[in-house]
Amino acid sequence: MKDTRSIDPTSLQMLKVAREEGLETAWDRYLAQRPQCGFGELGLCCRNCNMGPCRIDPFGDGPQKGVCGATGDIVVARNLLRMIAAGAAAHSDHGRDVTETLRGVAAGEIKDYTIKDENKLKALALEFGISTEGKTVQEIAGKLAEAALEEFGTRKGYLQAIDRVPSKRKEIWGKLGIIPRGIDREVVEAMHRTHFGVDNDPANLILHGLRCSLSDGWGGSLLATELSDVLFGTPRPVRGRSNLGVLSKEAVNILVHGHEPILSEMLVEAAKDPGLISAARAKGAGGINLVGMCCTGNEILMRHGVPVAGNFLQQELAVITGALEAVVVDVQCIMPALGQLAACYHTKFISTSPKAKFPGAIHIPFNEHNALETAREIIRQAIENYPNRDKNRVFIPEETTEYVAGFSVEAILSALGGTLTPLVEAVKNNKIRGIAALVGCNNPKVTQDYNHVNMAKALIARDVLVIETGCAAIASAKAGLLLPEAAELAGAGLAEVCRALGVPPVLHMGSCVDISRILTVAAALARELGVDIADLPVAGAAPEWMSEKAVSIGAYVVASGIFTVLGTVLPVLGSNVVADLLTRQAKDLVGGYFAVETDPFKAAELIIAHIDAKRSALGI
Ligand code: SF4
Ligand code: MSK
């Protein structure tokens, strides 16, 4: 019988090995959870106070109210707001860490990082109203870091990057009262409102959810992206290899997994250390092979072309190759199962963040102040572990696929000759029908990569330029869609543009926080055309999403005016009021709205219909 857990041949090979070795993976645990809790699926369970937990009967036979009297609509809306708050918090805390690193570098307290993009530093300083006249780079960086830190608890009443959006969008947000007032404030207020006995109006709760998510997209995520570019360099097109075949039979394999580039950048540096390479050779290895996974993988593939071993559902499979000397993690999207699994092999599972400890992990605290030395120590530990590798248990799938990534806003502009005008012209003359942003995770509820790859292919075939981040982008890398040669799969118009510019029809724009790059492009396109973001022939999709961060992303993309298709179902169907707000009323309120479509081909059709409707409204 055909194994439908993944379309990725390497995943299928590794799942076979897992079965032979009697090892469980997320797919097995998902099956063991089925049938999953129906109340949870619909968003109808509440444990916000200790009179509960309560659950609302969706069929109307059992209780229709919690002990406090909360209806299904209230419970669903509160739960959704808490998901958004958690996602916004994750991205924004990442943004804060990058900002504090910049502050430390500017103050000379952090020595192992430098400022790699001075032009971007100066451009951001001007955006924040900081004069660069007569100031050193360090001084500008210090001022910018202070201004960025201020955004987390600002009292000025709005976030700076809101000025990037067209005035019409700002008016819409202003009228609805959802201009984000400070990054931390919106998350704190979300937790306050959902505490017992506070906000019990579903629409009011959802509106705050949009405001909270906007503080992520135009705040925490945006700072994470922009300041990472300042510190580590703004990505430019770069070639590399993807999938589990990037692991080496001969070298010391180190997998870096998680999200923040602060750790991964330093590991990239340390892995080049000639002393460490000699140490690896002395242990009989061919060298050091650093590879990435998930978004921290995206960060270093965007900036250095470091090989990426896979996306979210391949983290366990990478360990099962038996070829990993170390899995090094920081924060987010790291399965707690890794500790027990790594113990079945010689693999060292190394956690590094004080915020993220795991059972079975060795904890090596990493902070910006001892970055390079800690990175070296981690690599040393991996090298020491190489002789423990059991060569008889090593199985590395052969498949690798090349990618071209690194499409920051600046890189796109440079490919276009410095302005967005050629892109606007290509859209106007229908060579490019529209733009679709495909983002988000894997989820064992969906055949791994099936939705990502099929949706991307269906869209480019109909001349829709696809831009991607996160695990969606890694799925496309593995499927060969990030190569200029993939233009042959595109419609005639898009193919012509791709060939003229030498770019792929699917552009990899980075990690999950880099969806802020997509917002920036959308805002700039709208300004160029003199319209609102909601008027653009643009759509979003999260075809295989699983994390709360994806819920925050979906919310800020919709709140920014962009129609968004979800490929797995949000836990809101227990409330017609909330479902109607998100899928219908949102359109009148903010221009963007959600649709749920689990079939990638039908999802692509929804996007194309939306793009066509926007094109005719614009008269193009
Ligand atoms: Fe039950 Fe209301 Fe408490 Fe929720 S807040 S657990 S619905 S009593
Ligand atoms: S890593 S949030 S599984 S995209 Fe950003 Fe991938 Fe989703 Fe994590």
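Conventions used here
Residues numbered from 1 in each chain as written. Chains lettered and ligands numbered in written order. Predicted model: local features only at pLDDT ≥ 70, side-chain atom pairs only at ≥ 80, totals over all residues. Heavy atoms only, no water. Helix = DSSP H or I, 4+ residues; strand = E, 2+ residues; numbered from the N terminus. Rg over C-alpha atoms; globule rule 2.2 N^0.38 Å. Buried < 20%, exposed > 50% of the residue type's maximum accessible area, 1.4 Å probe, protein only. Contact = heavy atoms within 4.5 Å. Lys, Arg positive; Asp, Glu negative; His and termini not counted. Charge placed at Lys NZ, Arg CZ, Asp CG, Glu CD. Domains from an automatic or database assignment. Buried area = accessible area lost by both parts, 1.4 Å probe. Salt bridge = Lys/Arg side-chain N within 4 Å of Asp/Glu carboxyl O. Polar contact = N/O pair within 3.5 Å; in protein donor to acceptor, adjacent residues only side chain to side chain. Near = heavy atom within 4 Å. Nonpolar A, V, L, I, M, F, W, Y, C, P; charged D, E, K, R; others polar. Pairing = 2+ DSSP bridges. Axes fitted to C-alpha atoms, helices over the stretch in contact; angles between N-to-C directions. Patch = residues over 30% accessible without salt bridge, like charges linked within 9 Å, V, L, I, M, F, W, Y side chains within 5 Å. Areas by Shrake-Rupley, 256 points an atom, 1.4 Å probe, with all protein chains shown as cover. Right-handed = clockwise from strand over helix to strand, strands pointing away.

1. Remarks on the overall build of the protein chain
In step 1: Within the protein chain, the regular secondary structure consists of 24 helices and 16 strands.
In step 2: Relative to the compact-globule value of 25 Å for 620 residues, the protein chain shows a C-alpha radius of gyration of 24 Å, a close match.
In step 3: For the protein chain, the spread of C-alpha atoms along the principal axes amounts to about 65 × 65 × 50 Å.
In step 4: Sorting the 620 residues of the protein chain into buried and exposed places 62% on the buried side.
In step 5: Of all intrachain contacts in the protein chain linking residues separated by at least 6 positions in sequence, the fraction that spans at least 24 positions is 76%.
In step 6: Within the protein chain, one finds 62 positive and 70 negative side-chain charges whose respective centroids are separated by 1 Å.

2. Focus on the domain arrangement of the protein chain
In step 1: Taken domain by domain, the protein chain comprises domain 1 (72-232), domain 2 (244-393) and domain 3 (408-618).
In step 2: Computed from C-alpha atoms alone, the centre-to-centre distance between domain 1 and domain 3 is 23 Å.
In step 3: Carbon and sulfur atoms supply 69% of the area that domain 1 and domain 3 bury against each other, a total of about 3,100 Å² over both sides.
In step 4: Broken down residue by residue, the surface that domain 1 buries against domain 3 is led by Met83, His91 and Arg169, which jointly contribute 19%.
In step 5: A salt bridge links Lys120 to Glu410, with the nearest nitrogen and oxygen atoms 2.8 Å apart.
In step 6: In this assembly, domain 1 and domain 3 are joined by 18 residue pairs in polar contact (both at pLDDT 80 or more).
In step 7: Of all the elements in the fold, those that place two or more residues in the side of domain 1 that touches domain 3 are helix H4 (72-106), helix H7 (167-176) and helix H9 (202-232).
In step 8: Broken down by element, the residue count for the side of domain 1 that touches domain 3 peaks at 14 residues, all from H9.

3. So, the site of ligand 2
In step 1: Neighbouring ligand 2 are His259, Cys294, Cys295, Phe312, Cys333, Gly440, Cys441, Cys471, Cys512, Met546, Ser547 and Lys549.
In step 2: Residue classes in the shell around ligand 2 are distributed as eight nonpolar, three polar and one charged.
In step 3: Counting only domains with at least three residues in the shell around ligand 2, you end up with domain 2 (244-393) and domain 3 (408-618).

4. Details of the sheet that holds strand S12 (residues 464-468)
Strands belonging to one sheet form pairs held by backbone hydrogen bonds; the direction of such a pair is parallel or antiparallel.
In step 1: If you trace the six strands from one edge of the open sheet to the other, you get S13-S12-S11-S14-S15-S16, paired in parallel fashion. Two strands in the sheet have a free side with no partner beyond their single neighbour: strand S13 (506-508) and strand S16 (594-596). For this sheet, the mean inter-axis angle between neighbouring strands, taken without regard to orientation, is 25°.

5. Overview of a nonpolar patch on the surface
In step 1: A contiguous nonpolar surface patch, about 250 Å² in accessible area, is contributed by Ile7, Tyr450 and Phe601.
In step 2: Using a relative accessible area of 40% as the deciding quantity, one classes Phe601 as partly exposed.

6. Looking at the pairing of strand S5 (residues 288-293)
In step 1: Most of S5 sits inside the fold, with six of its six residues counted as buried.
In step 2: Burial along S5 is two-sided: Ile288, Leu290 and Gly292 facing one way and Asn289, Val291 and Met293 facing the other are all buried.
In step 3: In the sheet, strand S4 (residues 252-257) pairs with S5 via six bridges, with the strands oriented parallel. Within S5, the residue paired with Val256 across the bridge is Gly292.
In step 4: Where S5 and strand S6 (residues 308-310) come together, two bridges link them in parallel fashion. Bridging across to S6, Gly292 finds its partner in Val308.
In step 5: Regarding topology, helix H12 (residues 294-304) serves as the crossover connection from S5 to the parallel S6, and that connection is right-handed.

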